[in-house]
Amino acid sequence: KGFKKLAVIYNNRGYGSSLSSEFIRQIDNAKTTSQIVFYESYKVGECDFCKEISELRTKLPDFIFFAGDYGFAAKFINKLRESGLKTTFLGSEGVFDEEFIETAKNNAENALVISLPEITDQTFIESYKSKFGRDVGAFSANSYDATNILMKAIENVGSEDTEKIAKAISETKDYEGLTGKLSFNEKGDLAEPNFTVYKVVSGKFEVAK
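Description of the structure in this document.

About the criteria used
- Residues numbered from 1 in each chain as written.
- Predicted model: local features only at pLDDT ≥ 70, side-chain atom pairs only at ≥ 80, totals over all residues.
- Heavy atoms only, no water.
- Helix = DSSP H or I, 4+ residues; strand = E, 2+ residues; numbered from the N terminus.
- Contact = heavy atoms within 4.5 Å.
- Areas by Shrake-Rupley, 256 points an atom, 1.4 Å probe, with all protein chains shown as cover.
- Lys, Arg positive; Asp, Glu negative; His and termini not counted.
- Charge placed at Lys NZ, Arg CZ, Asp CG, Glu CD.
- Buried < 20%, exposed > 50% of the residue type's maximum accessible area, 1.4 Å probe, protein only.
- Pairing = 2+ DSSP bridges.
- Right-handed = clockwise from strand over helix to strand, strands pointing away.
- Axes fitted to C-alpha atoms, helices over the stretch in contact; angles between N-to-C directions.
- Parallel < 35°, antiparallel > 145°, perpendicular 65-115°, else oblique.
- Left-handed = near helix turned anticlockwise from the far one by under 90°.
- Nonpolar A, V, L, I, M, F, W, Y, C, P; charged D, E, K, R; others polar.
- Core = buried A, V, L, I, M, F, W, Y, C linked by side-chain atoms within 4.5 Å.
- Salt bridge = Lys/Arg side-chain N within 4 Å of Asp/Glu carboxyl O.

For the protein, the count of helices and strands is 7 helices and 9 strands. Principal axes of the C-alpha set define a box for the protein whose edges measure 60 × 40 × 35 Å. Of the contacts made within the protein by residues no fewer than 6 positions apart, 64% connect residues no fewer than 24 positions apart. When the accessible surface of the protein is summed, it comes to about 12,400 Å², and 50% of that surface belongs to carbon and sulfur atoms. Distance between charge centres in the protein, computed from 27 positive and 32 negative side chains, equals 7 Å.

Structural data, given as structure tokens:
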């Protein structure tokens, strides 16, 4: 998209640090002319983002990647927009929740958020809404798939031996889940992870064009 000055803010947990460092690694590998002008963590539970916003106003990035959850993302983007900065915002999958939009309101408009490919299984979507009274969230579908993979491994092993169960999970190949066909590599990561970028339009997440 031609962004030149990039900022990265992440929570002070394993999730934030690993995701933000991978983001920067990919930027470096892409060999673009973009520069990381801000790279800071925030402390979960104790951050009002005043210090971070003040520094961002001096750096003036045209793109911000936020690695954290929807609650802090809403607080951050509210402060960001109140400061007058119209910087493009991209949130990690932890931000993909309707509460982000409900809390940030108009400040969430045009925000970009990474999540799983759009879930098309209407039976799951309607069952979820009926059970919990809300739309499918950031981790709903992959949590459902993960639970079913675990249950299947336990059934296949036929015992409570945790090492055997873990091995059965790691050997999962081509499991047909809500989030696609799932297999794991030798590191225990998804062999072919898929993601989609969404944009907040009129108070709803839509697949970004």
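Alright, that's what it looks like, and here's the rest.
Moving on, we come to the pairing of strand E3 (residues 63-67). Burial of E3 is extensive: 5 of the 5 residues sit out of reach of the surface. The alternating pattern of E3 places Phe63, Phe65 and Ala67 and Ile64 and Phe66 on opposite faces, both of which are buried. The pairing of strand E1 (residues 5-11) with E3 spans 5 bridges and is parallel. Bridged to isoleucine 9 within E3 is phenylalanine 66. As judged from the 4 bridges shared by E3 and strand E4 (residues 88-91), these two strands associate in the parallel manner. Counterpart to phenylalanine 63 in the pairing with E4 is threonine 88. Note on the crossover from E3 through helix H3 (residues 70-82) to E4: the handedness is right-handed.

Before going further, it helps to spend a moment on the packing of helix H2 (residues 50-59) against H3. Put simply, H2 and H3 touch, their axes get as near as 10 Å, and they point 45° apart. Between H2 and H3, the crossing angle belongs to the class labelled oblique. With respect to the hand of their crossing, H2 and H3 are arranged in right-handed fashion. Counting all contacts with H2, which are made through Cys50, Ile53 and Leu56, the residues of H3 involved are Phe76, Lys79 and Leu80. Residue composition of the contact of H2 with H3, by class: 5 nonpolar, no polar and 1 charged.

This brings us to unusual backbone geometry. Despite not being glycine, lysine 105 shows a phi value in the positive range, around 50°. Turning to its location among the elements, lysine 105 is positioned in the loop between helix H4 (98-104) and strand E5 (112-115). In this structure, serine 202 takes a positive phi of about 50° despite not being glycine. By the secondary structure assignment, serine 202 is in the loop between strand E8 (196-201) and strand E9 (204-207).

This paragraph deals with the nonpolar core. With 29 residues, the main nonpolar core has Ile9, Phe49, Leu56, Phe66, Phe76, Phe89 and Phe100 as its most contacted residues. Residue assignment for this core shows that the elements contributing at least two residues are E1, strand E2 (35-42), H2, E3, H3, H4 and E8. Top contributing element to this core by residue count: H3, with 6 residues. What phenylalanine 100 contacts, discounting residues up to four positions off in sequence, is Tyr70, Ala73, Ala74, Ile77, Phe89, Val95, Ala108, Ala111, Val200 and Phe205. In this structure, Tyr10, Phe65, Ala67 and Ile114 belong to the second largest nonpolar core, which totals 11 residues.

What follows deals with the pattern of salt bridges. Scanning the model with the defined rule gives 8 salt bridges in all. Residue aspartate 97 pairs with arginine 134 through a salt bridge whose shortest N-O separation is 2.6 Å. Here the residue aspartate 97 occupies a position in the loop between E4 and H4, and arginine 134 occupies one in the loop between helix H5 (122-132) and helix H6 (140-157), the gap between them amounting to 37 residues. Its relative accessible area of 7% is what places aspartate 97 among the buried residues.

Moving on to the sheet that holds E9. Read from one edge of the open sheet, 7 strands run E2-E1-E3-E4-E5-E8-E9, paired in mixed fashion. Two strands close off the open sheet at either side, each with one partner strand: E2 and E9. With direction set aside, neighbouring strand axes in the sheet form an average angle of 25°. Two strands pair when backbone bridges link them, and E5 and E8 are joined in this way by 4 bridges, in the antiparallel orientation. Bridge pairing links isoleucine 114 to valine 197 in E8. Taken strand by strand, helix H1 (residues 14-30) contacts E1, E2 and E3, and its axis lies near 160° from that of E1. Contacts from H3 reach E1, E2, E3 and E4 within the one sheet, and its direction differs from that of E3 by about 155°.

Scope: geometric values only; no functional claims are made or implied.
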